[in-house]
Amino acid sequence: MKPLHLVFNGLRSYTEQQTIDFTGKQFIAVLGDTGAGKSTILDAICYALYNRCSWSGGTVTDLIAHGGDGTLSVAFTFHIGGQTWIVERSTSGPSAAPVHKLTAAATGIVTATGSSSVTAAVRRILGLTYDTFLRSVILPQNRFQELLRMSDADRSKSLKSLLGLDQLTAVREHAITLHTRLAPRLADYREHRATFLPDPAATISDASQRQITAQQRLDHLQAAQRDITTARQIAVHAGARHNTFITTRDRLHATIPANINGRYQDILDAAGDISARREPVTAQHDHVRAEQQRLQAELDTADRDGTGIADTATALSTLTHLTEQVPALDVIAERVELDRFEVNRRREHLEAARTRVSEHRDTVSAAAAALTTAKEQADAAEAVHQDVATALDQYRKAVDTAAAAKQQHTAVQQEISDLEELAQAAAATARAAEAAVTEAEANDTTAQRLHAAAIAGTDCHPGDDCPVCRQTIPDGYVAPADDTTKATAAALRAARKAAGQAGKNEATAAERVTNARQKTLAEAGRAVTQADIGLVQATTALRALIGDIDISAPDDQILRPLTEAANTAKRLHDAAIITHRDAHDAHTKAVAEIPVLEESQTKREAALRELEHHHDSTLVTLNRTAKTIPRAFRPAHGLPLDEITELRQRAERRTAELKKLSEAHAAVGATLKQHTVTLTQLDEEYARRVTGPAAYLRRELDLTADRAADAEALLSSVTGYPARPERQVLAEEVDWSIKLIAHVTDLATQCDQNATAEHDAVHAAEQQMQRLRNECHATDDEHLEQLIRTASTAEHNARRELNRATAQQPIITELDRRIAAAAPTVAALADLSGLLTDGRFIATAVQQRQTALLQAASGTLLTISGGKFGFGNNFRIVDTDTGRGRDVKTLSGGETFQASLALALAVVELASRAAGRVDSLFLDEGFGSLDAGVLQDALNTLAAHSNDGRVVTIISHMRTIAEITDHVLVVEKTFTGSRCHWASPDERDRIVNDDLNRGLLE
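Keep in mind that this is a model prediction, so the values were computed, not measured.

It is worth spelling out the packing of helix α12 (residues 641-715) against helix α13 (residues 730-775) at this point. Across the interface, α12 lies against α13 with an axial gap of 9 Å and an inter-helix angle of 30°. In terms of their interaxial angle, α12 and α13 are classed as roughly parallel. Crossing hand, α12 versus α13: left-handed. Residues Val690, Ala694, Arg698, Leu701, Asp702, Thr704, Ala705, Ala708, Ala711, Glu712 and Leu715 of α12 form the contact with α13, whose own contacting residues are Leu730, Glu733, Trp736, Ser737, Leu740, His743, Val744, Leu747, Gln750, Cys751 and Asn754. Class assignment for the residues of the contact of α12 with α13 results in 13 nonpolar, five polar and four charged.

The structure is reproduced here in structure tokens:
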């Protein structure tokens, strides 16, 4: 795995987005002060790949930067096995949904999402678990020497996991799991295969042949059945026509009326008898009708002249009514004249009252105008007084605001002076803390050397060889005490912590001074300027209102003239209100009188109009009534009472004359009515004895004719039956009935002949159906239907078996293929799980891997130590000068680092062989315990490791490492958080030569 790009934001001390491009870089140094954020880069890679921290016990939430926006995001691009991958993760705490995504860079396809899915995919791509990754790719702080100082049991367990040997157990469990899962599936396959046909191909061939034979038999039977159906339809049709002809023949015979000639003779005799008795009655009836018509003509002439019965009665009634109503109309006319005079008099009184209202209205308008003028003057005086009072108040407030702003500006200047003194004190404290760190580092280095010597000389005595310099130990030698390393280390941590806090205090103090100068002081100055501008504006506004009056005088003195003017205007306004109220009351009283007068006048005028209307409507009604009188009795000159009386008497005389004429007309009518009754009785007898029987006989003949028409339509005859007479004359109807009966008899004979022919057709169709049944070996139609069902069932079963075999064939082929493929795999998994269950196999593998590890580590250690040290069995250190083994506890700090580095590089090499090539190595460990020569050998070994195609990254605070490595990533701590960038060649030279200023070269 080679890193290509790393982009992260909101990670621990990094509050801003950082981008690191690893492309084309092999041997890298990550340099920066303690606490700058160098190791956080390893956290970014661990979080991106495994969603975890690089230290034990930490959580992802611990990685979120405290000074950022609360969101942690990392995008890591790496190359492995010829493919490039991009893994992206982000988290914002429990309130927001995290993002986890793995993308193939070549195609842009997202191959996994979700925390566990992305982690599993990364683990599968790298071939490394999280723990193996931390031991073979990233070596974090405080875990560099773990493997070297472990007990044998812990080291063996760790190596099994580190070198992939614990995967043998996983392989065994996986093999058992696969066998447990695949064996039942293989059994299911075999059990499922047993439910299908043993030989689908043979079944397909046999079923296909049987299906063809059954289909041919079915086609033959169905064709015969169709022919039988056709013959049956012919027989049914012929039988139906035979029955129709027989029925038609019978109906023709049944519809011929019985004794038609005798019945017609009886009707003719009755008609002659009734005609002889009717002639004398008809002659008398005609004479009486002539007399009745004469009398009626005389009455009709009177009606046309307007002197008939109805007109004379109407005229008499109307003239009597007019005689009673004309005298009352004259009385109403006299009342109308009196009421009209009174209405005119009261109208003049109302107009005088309205004139008085108009005069009062003018008085009120004048008073209102005077009131408006007085109110405007009073409001103007009060407004001037209020404006001056407001301007004076704003002027006083502006004076106070300007004084307060100047006082605040002076206070801010004093505060800045105090902050500058505090900043100087914080800077002095920071310089002292840096000096204390330098002194504590020197003391700690001295204590570490004494610690190594104490460990080496613990078991030495006078006369022994020194394990360090190989010289003889002099007499009186006392092993140095090892009691200062913990104290100096604690002092160094305390000094660094104090220095960090002092630096923060210095920055905070400087920032407060800057903020006070740039913001607080500027704001105070602007406030002073704004207050001065406000004072000038308030003074100008006040002078515009009061002129040159002394504004330093009291407010009451300045406002007194304006107050007096406002009070005077107020008194004038109050007097105008009283005048306007008196005028308004007089006007209101006059206005209130008008509705009363108007209401009274309205009532009198309405009464007059109603009386006039009554007189006019009565006159119109009487004139209209007079016009309804017939002209012979209508008055010629209006409604004079004398003329109306004379006309009424004439109407009475005419009424008596018309009464005598009406009585004579009624007597003639009674005689005519008696003759009408006799003639009606004769007509009824004629209808009963002649018309009725003739109509009944005619209906019977009509039915016979209709049946004859139906028979002709059935026989398709074109001869036609005799035409019916156009007139209903008895003699003509007798002749027509004789011809019709002869024609019906002939039609019945033809129907009988056709019925015989249809009967023969039925017999022929039945013989054809029997022949077809015999050919199919069927006794009847039901037997034939049974044979068809049998043939159809045989064809259906053969087709279903064919379809079943055809559908099963690909399934059976797939099952046979799966059984053939799974059976060897299941057997191999059983053998593999049995082999890996044997503990001796795993123990042998562990021993071989450990031997290979120690051999690789020994070669690297010989190179780093200049040929002085190597590894023996059980991880003991072999001194090449003496050839004896040493416990790792006897090594000095530098020697321990050499051995740990050699072992770590060996682990990386073997892990690469076991789990795919590991193309990167990140070392987060100090090199301060090495002298210059040993440091150079270690760095040369790491450089050779990078030349072998791996990316080697050293994380350290030692600036001299920049001179050895190819590329330098500088990490700095600022007030806003950590930042990193690749150093240019000039910057890298400056870092190497900056030992005096930084105090970091050792």
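Only one face of strand β2 (residues 18-21) is covered, namely the face carrying Gln18 and Ile20; the face carrying Thr19 and Asp21 is uncovered. Looking at chain direction, strand β1 (residues 2-9) and β2 are connected through four bridges and run antiparallel. Of the residues in β2, the one forming a bridge with Val7 is Thr19.

Glancing now at the nonpolar core. In this structure, Leu6, Leu49, Leu126 and Phe133 are the most contacted members of the largest nonpolar core, which totals 49 residues. The element best represented in this core is helix α1 (residues 40-50), accounting for nine residues. In this view, Phe133 contacts Met1, Ile45, Cys46, Leu49, Tyr50, Leu126, Leu128 and Ile138; residues no more than four positions away in its chain are not counted. Ranked by size, the runner-up nonpolar core spans 43 residues in total, among them Ile864, Leu903, Leu905 and Leu923.

Turning next to the sheet that holds strand β8 (residues 138-139). What the six strands build is an open sheet, ordered β8-β12-β13-β3-β14-β15; its pairing is mixed. Because the sheet does not close on itself, it has two edges, and the strands there are β8 and β15 (977-982). When strand β3 (residues 27-32) meets strand β13 (residues 951-956), the two strands line up parallel, connected through five bridges. If you follow Phe27 over to β13, its bridge partner there is Val952. Packed on one face of the sheet, helix α19 (residues 985-992) meets β3, β14 (967-974) and β15 and runs near 70° to β14.

Moving on, we get to the side chain of His285. Its location among the elements puts His285 in helix α8 (residues 260-305). The exposure class of His285 is buried, given its relative accessible area of 9%. Those residues in contact with His285, other than ones at most four positions away along the chain, are Leu672, His675, Thr676 and Leu679.

This part is about the side chain of Lys38. Relative to the helices and strands, Lys38 is located in the loop between β3 and α1. Within the local environment of Lys38, its side chain forms a polar contact with the backbone oxygen of Asp33, the two atoms lying 3.0 Å apart.

Its 46 residues give α8 an end-to-end C-alpha distance of 63 Å, which sits within 8% of 68 Å, the value for a rise of 1.5 Å per residue. The largest bend in α8 is about 30°, located at Arg278, with the proline Pro280 one to four residues further on. Once α8 ends, the next one or two residues include Gly306, with phi positive near 85°.

As a further point, take α13. Every α-helical turn comprises 3.6 residues, leaving residues that sit three or four positions apart pointing alike. Taking 1.5 Å of rise per residue, the 46 residues of α13 would be expected to cover 68 Å, and the 68 Å separating its terminal C-alpha atoms lies within 8% of that figure. A positive backbone phi angle near 60° is found at His777, which sits one or two residues after α13.

This next bit is on the environment of Ile738. Relative to the elements of secondary structure, Ile738 occurs in helix α13. Its relative accessible area of 48% is what places Ile738 among the partly exposed residues.

Here we take up the sheet that holds strand β6 (residues 99-104). The strand order across the open sheet built from six strands is β2-β1-β4-β5-β6-β7, with neighbouring strands paired in antiparallel fashion. Single-partner strands in this sheet number two, and they are β2 and β7 (109-113). Direction aside, the axes of adjacent strands within the sheet are offset by 15° on average. One ladder, built from six bridges, connects strand β5 (residues 83-91) with β6; its direction is antiparallel. In the strand pairing of β6, Glu88 is matched with Lys101. On the sheet, helix α2 (residues 115-126) packs against β4 (72-80), β5, β6 and β7 and is oriented at approximately 35° with respect to β6.

The way to describe two aromatic rings as a pair is by their centre distance and the angle between their planes. On inspection of all chains with the given rule, the structure shows four aromatic pairs. Residues Phe8 and Tyr14 carry aromatic rings whose centres are separated by 5.0 Å and whose planes lie at 90° to one another, so their mutual orientation is edge-to-face. Of the two residues, Phe8 and Tyr14, both sit in the buried class. Positioned over the ring face of Trp982 is Lys25, at 4.8 Å from the centre of the ring.

What counts and what doesn't
Residues numbered from 1 in each chain as written. Predicted model: local features only at pLDDT ≥ 70, side-chain atom pairs only at ≥ 80, totals over all residues. Heavy atoms only, no water. Axes fitted to C-alpha atoms, helices over the stretch in contact; angles between N-to-C directions. Helix = DSSP H or I, 4+ residues; strand = E, 2+ residues; numbered from the N terminus. Parallel < 35°, antiparallel > 145°, perpendicular 65-115°, else oblique. Left-handed = near helix turned anticlockwise from the far one by under 90°. Contact = heavy atoms within 4.5 Å. Nonpolar A, V, L, I, M, F, W, Y, C, P; charged D, E, K, R; others polar. Buried < 20%, exposed > 50% of the residue type's maximum accessible area, 1.4 Å probe, protein only. Pairing = 2+ DSSP bridges. Core = buried A, V, L, I, M, F, W, Y, C linked by side-chain atoms within 4.5 Å. Polar contact = N/O pair within 3.5 Å; in protein donor to acceptor, adjacent residues only side chain to side chain. Expected span 1.5 Å × (residues − 1). Bend = angle between axes of the 7 residues up to and from the residue. Phe/Tyr/Trp six-rings, centres within 6.5 Å; stacked < 30°, edge-to-face > 60°. Lys NZ or Arg CZ within 6 Å of the ring centre and 35° of its normal.

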